[in-house]
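Residue-level structural notes
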Amino acid sequence: MAHQQQYPLSSHPNDGKSTYASRDLIGYGNPATSSRRPHVHWPNGAKVALNLVLNYEEGGENCLLHGDGESEKLLSEIVGAGAIVGQRHANMESLYDYGARAGFWRLHELLTRKNVPCTVFAVGMALERNPEACQAMINAKWEVASHGYRWWDYQNVDEATEREHIRRTVQIHKDLLGERPVGMYQGKPNVNTRKYVVEEGGFLYDSDSYADDLPYWSTEHGDKPHLIIPYSLSENDMRFAVPNGFSHAGEFSTFLKDSLSYLVEEGKRGSPKMMSVGLHCRLVGRPGRAKGLEDFIDFAKSFGDDVWICRRDEIALHWYKNHYPEGGLPRSGL
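This section reports on the structure supplied with the text. (Residues numbered from 1 in each chain as written. Predicted model: local features only at pLDDT ≥ 70, side-chain atom pairs only at ≥ 80, totals over all residues. Heavy atoms only, no water.)

1. Concerning unusual backbone geometry
Cut-off, in case you're wondering: Burial classes follow relative accessibility: with a 1.4 Å probe on protein chains only, a residue under 20% of its type's maximum area counts as buried, one over 50% as exposed, and anything between as partly exposed. Each helix corresponds to a stretch of at least 4 residues labelled H or I by DSSP, and each strand to a stretch of at least 2 residues labelled E; elements are numbered beginning at the N terminus.
The phi dihedral of N44 falls on the positive side, at around 60°, and the residue is not glycine. Using a relative accessible area of 66% as the deciding quantity, one classes N44 as exposed. In this structure, L75 takes a positive phi of about 50° despite not being glycine. By the element assignment, L75 lies in the loop between β3 (48-56) and α2 (90-113).

2. Digging into the pattern of salt bridges
Pairs may arise between side chains of opposite charge once their charged atoms sit close together. For clarity, the threshold we go by: Each salt bridge in this description consists of a side-chain nitrogen of Lys or Arg and a carboxyl oxygen of Asp or Glu lying within 4 Å of one another.
Scanning the entire structure with this criterion turns up 18 salt bridges. The residue E294 makes a salt bridge to K114 at a minimum N-O spacing of 3.5 Å. Taken as a pair, E294 in helix α8 (residues 287-301) and K114 in the loop between α2 and β4 (119-122) lie far apart in primary sequence, 180 residues in all. Comparing E294 with K114 shows no difference in burial state: the two are buried. Of the charged contacts in the structure, one is a salt bridge between K273 and E266, with a shortest N-O distance of 2.9 Å. Just as K273 is buried, E266 falls in that class too. Each of the salt bridges in this network shares a partner with another, and the network as a whole consists of E109, R113, K114, E294 and D298.

3. Details of the packing of aromatic side chains
Heads up, the rule is: Note on aromatic pairs: the rings of Phe, Tyr and Trp (six-membered ring only in Trp) are paired at centre separations within 6.5 Å, and the planes decide the class, stacked below 30 degrees, edge-to-face beyond 60, tilted for the rest. Whether a charge lies above a ring is judged from NZ of Lys or CZ of Arg, which has to be within 6 Å of the ring centre and within 35 degrees of the ring normal.
Inspection of the entire model under this criterion finds 19 aromatic pairs. Relative to F104, the ring of Y56 has its centre 5.6 Å away and its plane inclined at 80°; by these criteria the two rings are edge-to-face. Pair noted here: Y56 is in strand β3 and F104 is in helix α2, with a separation of 48 residues, a long-range link. Exposure remark for Y56: the relative accessible area of 1% places this residue in the buried category. Through a chain of ring-to-ring contacts, the aromatic side chains of Y56, F104, W105 and W142 assemble into a single cluster. Looking at R180, its charged tip hangs above the ring of F203, at a distance of 4.6 Å from the centre. A cation sits over an aromatic face here: R239 above F246, 5.0 Å from the ring centre.

Have a look at this one:
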């Protein structure tokens with residue numbers, strides 16, 4: 001109240017708050033002193049839980065052929081492209097087609113040859129267009145999490161449509177993959193997306209956050225703690241498609257290696273973390289870039305038990321078992 005009187009032009013009710021609405025600027029606090037920080041013990045004493053995330057989006061992007069009013073503009077070789085209203089964008093369509101036709105299979109071969117697990121963030125509409133890729137995901141024993149029904153920006157999508165999309169993509173997973181998704185990454189959500197996900201039910205976690213290097217719990221919605229496993233837009237091949245991002249595979253690989261090495265050292269000092277690596281079929285699925293990913297995978301495997309290369313649902317189950325909030329009741333079957 002005093003601040004409002006002293007600074008009437010710049011005061012706001014949230015001034016000085018560290019937690020407000022869905023935001024929390026404190027989190028686990030100082031690793032050296034905070035009692036809130038969990039004592040993380042990854043399997044086999046790993047210092048880092050490493051999760052490779054393959055985004056499968058091709059065929060679910062904006063396109064007049066999909067009933068949209070404009071063409072796609074994001075994450076392609078045409079850096080800075082704009083949406084073309086009311087028209088198809090032939091080059092953009094074929095760049096996305098490459099991801100489903102060629103890039104996916106190159107990455108599938110690489111990951112299965114290296115025998116490393118991954119999580120797929122799969123757009124429902126895209127899955128429906130490529131049953132062969134769905135079967136390959138099943139055979140590889142990859143986790144397939146939901147990336148929404150469309151690869152849209154949901155900022156201004158109405159509630160009824162977004163809820164229907166969440167429900168519809170769950171059914172697509174059941175029909176094509178034989179099981180529902182337990183993870184959710186809308187990717188371009190709005191402030192209500194998490195509420196819709198929690199109320200839909202059946203999800204162990206969502207990854208629509210970039211707020212930490214460890215999973216954390218939210219009690220903002222529903223009557224049970226909801227797990228958030230943060231994702232990353234920095235350890236991500238999307239930086240090949242943005243100004244001043246990665247220009248070649250060596251930069252990508254070096255950045256990932258430096259990130260992992262630093263996190264391993266933090267783990268050795270008593271503060272284990274997790275690391276997500278974001279991949280896209282149409283980006284790192286290009287041969288020159290895939291070589292950088294292969295180099296990083298070999299590097300990660302060289303750490304042995306110090307790096308747990310895992311699926312996102314495995315991280316979720318570990319967190320439910322070992323770090324469920326005191327007084328809470330873990331979901332049945334965990």
